[in-house]
Amino acid sequence: MDANEHVMEITDLRRVYAGGFEAVRGITFHVKRGEVFALLGTNGAGKTSTVEVIEGLSPPASGRVRVLGRDPYTERAAVRPRTGVMLQEGGFPAELTVAETVRMWAGCVSGARPEGEVLHLVGLGGRAGVRVKQLSGGERRRLDLALALLGDPEVLFLDEPTTGLDAEGRRDTWDLVRALRDGGTTVLLTTHYLDEAEGLADRLAILHDGRIATTGTPAEVTAAQPARISFRLPDGYFLGDLPPLAELGVCGHEVDGGVVRLRTRELQRTATGVLTWAERSGVVLSGLDARSASLEEAFLGIAREQEVMA
Ligand SMILES: Nc1ncnc2c1ncn2[C@@H]1O[C@H](COP(=O)(O)OP(=O)(O)OP(=O)(O)O)[C@@H](O)[C@H]1O
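Residues numbered from 1 in each chain as written. Predicted model: local features only at pLDDT ≥ 70, side-chain atom pairs only at ≥ 80, totals over all residues. Heavy atoms only, no water.

- Per an unreviewed UniProt entry, the protein chain is named ABC transporter ATP-binding protein, and its organism is Streptomyces tropicalis.
- Reading the Subcellular location (unreviewed entry) entry of the UniProt record for the protein chain gives the comment "Cell membrane". (UniProt positions renumbered as here; feature names shortened; annotations may be inferred.)

Below, the structure is given as structure tokens:
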């Protein structure tokens, strides 16, 4: 397995809908073999429009897309058998049992995994005889995943894979995705759950308005956003009693009911400055909290920045 092989290469991808609306406006990224790559974005950012082209369901208006070295649209017959797509709401006949559904689907897949194996993988081993209409929403999502895994795909497209799953089901799905990744499967994930992207993705891109607003590892994306320090000053003390905020490396602040919130790109310098001042002044800072930005904060920060720029 060549870990540097680009399993997906997307270069300056554009997608234009009938009527001329440009939903994807020049997107470039690549996904290496054995990587989980997450596409995030606000509603309408262009995730689905992008993924549909990579899956080979639509041609791009312009740009170049390669999956496993081939054009997924014009060479669909060669690419499709090596990929697995987890659809949102597969729309299976409700009267069929889980096992019948898997068997029906297996008829369309060359070299399908045994039905028991794939159901066991997704935690539906004990539900083979249950009708689809009797499954919970979370179990249906797992059936969607089972069908995507039937052909033991090299490339897996996961669209909101844990919607409707309870906490345990989400954790199980995450463990399964990690195990698939460790086994060499390349995964393109779209999700609205930022903790899911933070926990699963090796790299990610945040889309906004058809463009990539930022991309990198979760750590790189969050590091680009300011960290936060918050604390409550004792009665009789005010923000102006601290050393000048600019000297502490603070790039933004607010005071809300006695609680001070500072934003900084130099967490260690700011935290040291605040604590040194408190120590010297004999002040106890209650509720003291210092933390790097989470992916959620980074996401919201990027969405706000883009709106201001628009
Ligand atoms: N068939 C279509 N015809 C015209 N415009 C479309 C069509 N499908 C999507 N769009 C528009 O393209 C833009 C991107 O939509 P897309 O579904 O790709 O976004 P998304 O990031 O997947 O959003 P969500 O998170 O809400 O699923 C939106 O403005 C949407 O209204």
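1. What about the packing of aromatic side chains?
Working step 1: For the coordinates displayed, the defined rule picks out 2 aromatic pairs.
Working step 2: Seen in terms of ring centroids, Tyr237 and Trp277 are 6.2 Å apart; in terms of plane orientation they differ by 80°. Their pairing is edge-to-face. With a gap of 40 residues between them, Tyr237 in the loop between β10 (227-232) and β11 (250-256) and Trp277 in helix α9 (residues 267-281) connect regions that are remote in the sequence.
Working step 3: Its relative accessible area of 32% is what places Tyr237 among the partly exposed residues.
Working step 4: Between Arg170 and the ring centre of Tyr193, over which it is positioned, the NZ or CZ distance is 4.3 Å. (Phe/Tyr/Trp six-rings, centres within 6.5 Å; stacked < 30°, edge-to-face > 60°. Helix = DSSP H or I, 4+ residues; strand = E, 2+ residues; numbered from the N terminus. Buried < 20%, exposed > 50% of the residue type's maximum accessible area, 1.4 Å probe, protein only. Lys NZ or Arg CZ within 6 Å of the ring centre and 35° of its normal.)

2. What to know about the domain arrangement of the protein chain
Working step 1: Under the domain assignment, the protein chain is made up of domain 1 (33-52 + 82-206 + 213-222) and domain 2 (226-292).
Working step 2: Computed over C-alpha atoms only, the centres of domain 1 and domain 2 are separated by 43 Å. (Domains from an automatic or database assignment.)

3. A closer look at the side chain of Asp71
Working step 1: One can find Asp71 in the loop between β4 (62-67) and α2 (76-79).
Working step 2: Side-chain polar atoms of Asp71 contact the backbone nitrogen of Thr74, separated by 3.2 Å.
Working step 3: Each residue touching Asp71, except ones within four places of it in the same chain, is listed here: Val65, Arg66, Arg76 and Val79. (Polar contact = N/O pair within 3.5 Å; in protein donor to acceptor, adjacent residues only side chain to side chain. Contact = heavy atoms within 4.5 Å.)

4. Comments concerning the sheet that holds strand β9 (residues 211-216)
Working step 1: The sheet built from 6 strands is open, its strands ordered β5-β6-β7-β3-β8-β9 with mixed pairing. One side of each edge strand has no neighbouring strand; the edge strands of this open sheet are β5 (83-86) and β9. Adjacent strand axes in the sheet meet at a mean angle of 15° when their direction is disregarded.
Working step 2: With 4 bridges connecting them, β5 and strand β6 (residues 155-159) associate as parallel partners. (Pairing = 2+ DSSP bridges. Axes fitted to C-alpha atoms, helices over the stretch in contact; angles between N-to-C directions.)

5. Section: the site of the ligand
Working step 1: The local shell around the ligand consists of Tyr17, Phe21, Ala23, Thr42, Asn43, Gly44, Ala45, Gly46, Lys47, Thr48, Ser49 and His192.
Working step 2: A distance of 3.0 Å separates an oxygen atom of the ligand from a polar side-chain atom of Asn43.
Working step 3: For the ligand, the accessible surface in isolation is 640 Å², of which the surrounding protein chains cover 58%.
Working step 4: For the shell around the ligand, the element with the highest residue contribution is helix α1 (residues 47-54), accounting for 3 residues.
Working step 5: Across the shell around the ligand, the residue classes break down as 4 nonpolar, 7 polar and 1 charged. (Near = heavy atom within 4 Å. Areas by Shrake-Rupley, 256 points an atom, 1.4 Å probe, with all protein chains shown as cover. Nonpolar A, V, L, I, M, F, W, Y, C, P; charged D, E, K, R; others polar.)

6. Notes on the pairing of strand β7 (residues 186-190)
Working step 1: Among the 5 residues in β7, 5 count as buried, and that is most of the element.
Working step 2: Covered by surrounding structure in β7 are Thr186, Leu188 and Thr190 together with Val187 and Leu189, the residues of both alternating faces.
Working step 3: The pairing of β6 with β7 spans 5 bridges and is classified as parallel. The residue bridging Phe157 from the neighbouring strand is Leu188, located in β7.
Working step 4: Handedness of the crossover joining β6 and β7 through helix α6 (residues 167-182) is recorded here as right-handed. (Right-handed = clockwise from strand over helix to strand, strands pointing away.)

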